[in-house]
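Observations on the three-dimensional arrangement
Spelled out from the first residue to the last, the chains are:
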Amino acid sequence: MLAQRFRQIVHLSRLKRLTPIALCLCTIGITTSGCGQGVLAPVGPVADGERLILLDALGIMLLIAVPTILATLWFAWWFRASNRAALYRPSWAYSDKLEVLVWAIPALVVLFLGGVAWIGSHQLDPARSIDSSMKPLEIQVVSLDWRWLFIYPEQHIATVNRLVIPVGTPVHFRITSSSVMNVFFVPRIGGEIYAMNGMATQLNLLARDVGRFPGLSAQFSGDGFSDMEFNTDVVNEKGFHDFVAGTSASPKRLDEAEYISLSHPSRSTEVELFGKVATGIFDDIVSRRLPPGSGPEPTAQASLSR
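Note that the coordinates shown come from a computational prediction; the quantities given were computed from them, not determined experimentally. In this convention, every chain numbers its residues from 1, walking through the sequence in written order. Confidence filtering applies because this is a predicted model: local features only for residues at pLDDT of at least 70, side-chain atom pairs given and counted only at 80 or more, and all residues used for totals across whole chains, interfaces and linings. Water and hydrogen atoms play no part in the side-chain values, which are based on all heavy atoms of the structure.

Some points on the overall build of the chain
- When helices and strands are tallied, the chain shows 7 helices and 13 strands.
- The buried share among the 306 residues of the chain stands at 37%.
- Throughout, a contact is declared for two residues whenever any of their heavy atoms are within 4.5 Å. Considering only contacts within the chain whose residues lie at least 6 apart along the sequence, 71% involve residues at least 24 apart.
- For every accessible area listed, the method is Shrake-Rupley and the probe measures 1.4 Å; residues are considered covered only by the protein chains on display. Approximately 17500 Å² of the chain is accessible, and the part contributed by carbon and sulfur atoms is 63%. In this text, helices come from DSSP runs of H or I with a minimum length of four residues, and strands from runs of E with a minimum of two, each type numbered from the N-terminal end. The rule is simple: take the accessible area with a 1.4 Å probe, protein chains only, and divide by the maximum for that residue type; under 20% is buried, over 50% is exposed, in between is partly exposed.

Written out as structure tokens, the structure is:
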């Protein structure tokens, strides 16, 4: 994940053996090595739209960046000391044509970027439902310190650190946090939306391909956030029914006492299954009828084991 890769970069920089150029090349290599598993390899309509916006914005900005770079190189070559054809004009101060060029191009770039962002922000509104003949699957998400809790209210089951959704079925997420702010993000399916204590945000996604896709927290929220990862398993209809049946067989119950225990800071990456869920527990978390989690400890030596 990106957080781990940037930790690698910081570690390399501390070795003091890399020049700034080598460090930049190392950064580019590490961050782009996961493009095949990230936002540039979408498996859903929302991620498709986000990639299109990213590429459009990149293309628009390159329209000004590339000519500027080329012009800089051309000026350096043309006005070299040995070129007697280049005119030296020490009293030159103003040009109408150059003034129009200097202001018009950036203005057009801002206009185009603004248009792309405006249209995309409405088309990809997280709360906007996805057109489909199938009924959306409801999933409630709670960001813990530092794990993810997924509640399936219609199936009366819950999981920790594992998300399973059926392929081709719209999924409606309601997302909140047990304590500090986090960001829910499954790069290849789309999304990235805040989880905040005391309120619920919405997100609509759809996965069109079967597979396992990593999810993560995209918001720094304490010592354990870099390990706050989960797998999103996109399965066929039978696979989803098997998942529900297998989880329902778990003897564990997600009730108030169990949730309070889960809300304590922990770096555990273990997957937990709950075969029964107390009715309305997500709404109790959002309304703060259930107390917020304690949040990250102020000292790095705080106990993180559950």
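Examining the sheet that holds strand S4 (residues 162-166)
- Within the open sheet, the 5 strands sit side by side as S4-S10-S9-S6-S7. Their pairing is mixed. The outermost strands of the open sheet, each flanked by one partner alone, are S4 and strand S7 (190-195). Within the sheet, the average angular offset between the axes of one strand and its neighbour, ignoring direction, is 20°.
- DSSP calls a pair of strands paired once it identifies at least 2 bridges connecting them. In the sheet, strand S6 (residues 182-186) pairs with S7 via 5 bridges, with the strands oriented antiparallel. Of the residues in S7, the one forming a bridge with valine 186 is glycine 190.
- To obtain each axis, a line is fitted to C-alpha atoms, and for helices this fit is confined to the stretch in contact; angles are then taken between N-to-C directions over 0 to 180 degrees. Strands S4 and strand S10 (229-235) of the sheet are contacted by helix H5 (residues 237-248), whose axis makes an angle of about 140° with S4.

What about the nonpolar core?
- Among buried residues, those of type Ala, Val, Leu, Ile, Met, Phe, Trp, Tyr and Cys that are joined through side-chain atoms within 4.5 Å constitute a nonpolar core. Ile139, Tyr152, Phe173 and Phe184 are the most contacted members of the largest nonpolar core, which has 33 residues in total.
- Not counting residues within four places of it along the chain, the set of residues in contact with isoleucine 139 comprises Phe150, Ile151, Tyr152, Pro153, Leu163, Val164, Ile165, Val171, His172, Phe173 and Arg174.

Some words on the pattern of salt bridges
- Salt bridges are defined as contacts in which a side-chain nitrogen from Lys or Arg sits within 4 Å of a carboxyl oxygen from Asp or Glu. Throughout the structure, instances matching the rule amount to 11 salt bridges.
- Residue aspartate 48 pairs with arginine 208 through a salt bridge whose shortest N-O separation is 2.6 Å. On the criterion of sequence distance, the pair formed by aspartate 48 in helix H3 (residues 45-78) and arginine 208 in the loop between strand S8 (201-205) and strand S9 (211-217) is long-range, its members being 160 residues apart.
- By relative accessible area, aspartate 48 is classed as partly exposed at 24%.

What to know about the environment of alanine 47
- Relative to the helices and strands, alanine 47 resides in helix H3.
- Residue classification places alanine 47 among the buried residues on the basis of a relative accessible area of 1%.
- Each C-alpha atom of the pair alanine 47 and leucine 206 lies 9.1 Å from the other, and the pair is 159 residues apart in sequence.
- When sequence neighbours within four positions are dropped, the list of residues in contact with alanine 47 reads Pro42, Pro187, Arg188, Ile189 and Gly190.

So, H3
- A helix is expected to reach a length of 1.5 Å times the quantity of its residues less one. Taking 1.5 Å per residue, 34 residues should reach 50 Å; H3 reaches 49 Å between its end C-alpha atoms and fits that length.
- The largest bend in H3 is about 35°, located at leucine 62.
- Val46, Ala47, Gly49, Ala57 and Ile60 are the residues of H3 that are buried.
- Contacts made by the buried residues of H3 are with helix H4 (96-123), S7 and S8. The term bend refers to the angle at a residue between two fitted axes, each drawn through seven residues, those ending there and those starting there.

Some thoughts on the confidence of the model for the chain
- pLDDT measures how confident the predictor is about each residue, on a scale from 0 to 100. Within the chain, residue pLDDT values average 83, and 85% of them lie at 70 or more.
- Within the model, pLDDT remains below 50 along residues 5-35, and this stretch shows 18 contacts once partners closer than five positions in the same chain are excluded.
- Throughout residues 300-305 the model reports pLDDT below 50, and contacts reaching past four residues in sequence, or to other chains, amount to 7 contacts.

Examining the side chain of serine 221
- Mapped onto the elements of the fold, serine 221 is located in the loop between S9 and S10.
- Leaving out residues up to four positions away in the same chain, serine 221 has contacts with Trp146, Val180, Met181, Asn182, Met228 and Pro296.

As for the sheet that holds strand S5 (residues 171-177)
- The strand order S8-S5-S1-S2-S3-S12 describes an open sheet built from 6 strands, whose pairing is mixed. Because the sheet does not close on itself, it has two edges, and the strands there are S8 and strand S12 (272-274). Taking the axes of each pair of neighbouring strands and ignoring which way they run, one obtains an average angle of 20° across the sheet.
- Summarising the sheet, S5 and S8 pair through 5 bridges and their orientation is antiparallel. Following the sheet pairing, phenylalanine 173 is matched in S8 by leucine 203.
- Helix-sheet contacts for H5 involve strand S1 (137-143), strand S2 (148-152), strand S3 (157-160) and S12, and the interaxial angle to S3 is about 90°.

Focus on the packing of aromatic side chains
- Stacked, edge-to-face and tilted labels apply to pairs of Phe, Tyr and Trp rings (six-membered ring for Trp) whose centres lie within 6.5 Å, assigned for plane angles under 30 degrees, over 60, and everything in between, in that order. Under the criterion given, the structure shown has 14 aromatic pairs.
- Relative to phenylalanine 184, the ring of phenylalanine 173 lies with its centre 5.3 Å away and its plane at 45°, an arrangement referred to as tilted. Of this pair, phenylalanine 173 sits in strand S5 while phenylalanine 184 sits in strand S6, placing them 11 residues apart in sequence.
- A relative accessible area of 0% places phenylalanine 184 in the buried class.
- Taking the centre distance of 5.6 Å and the plane angle of 10° together, the rings of phenylalanine 184 and phenylalanine 230 count as stacked.

Focus on a nonpolar patch on the surface
- Patch criteria: residues need more than 30% relative accessible area and no salt bridge. Like-charged residues are merged within 9 Å; nonpolar side chains of Val, Leu, Ile, Met, Phe, Trp and Tyr are merged within 5 Å. Side chains of Val39, Leu40, Leu54, Leu55, Leu58, Leu62, Val66, Ile69, Leu70 and Leu73 sit close together on the surface and give an oily, nonpolar patch of about 860 Å² of accessible area.
- Secondary-structure assignment places valine 39 in the loop between helix H2 (20-32) and H3.

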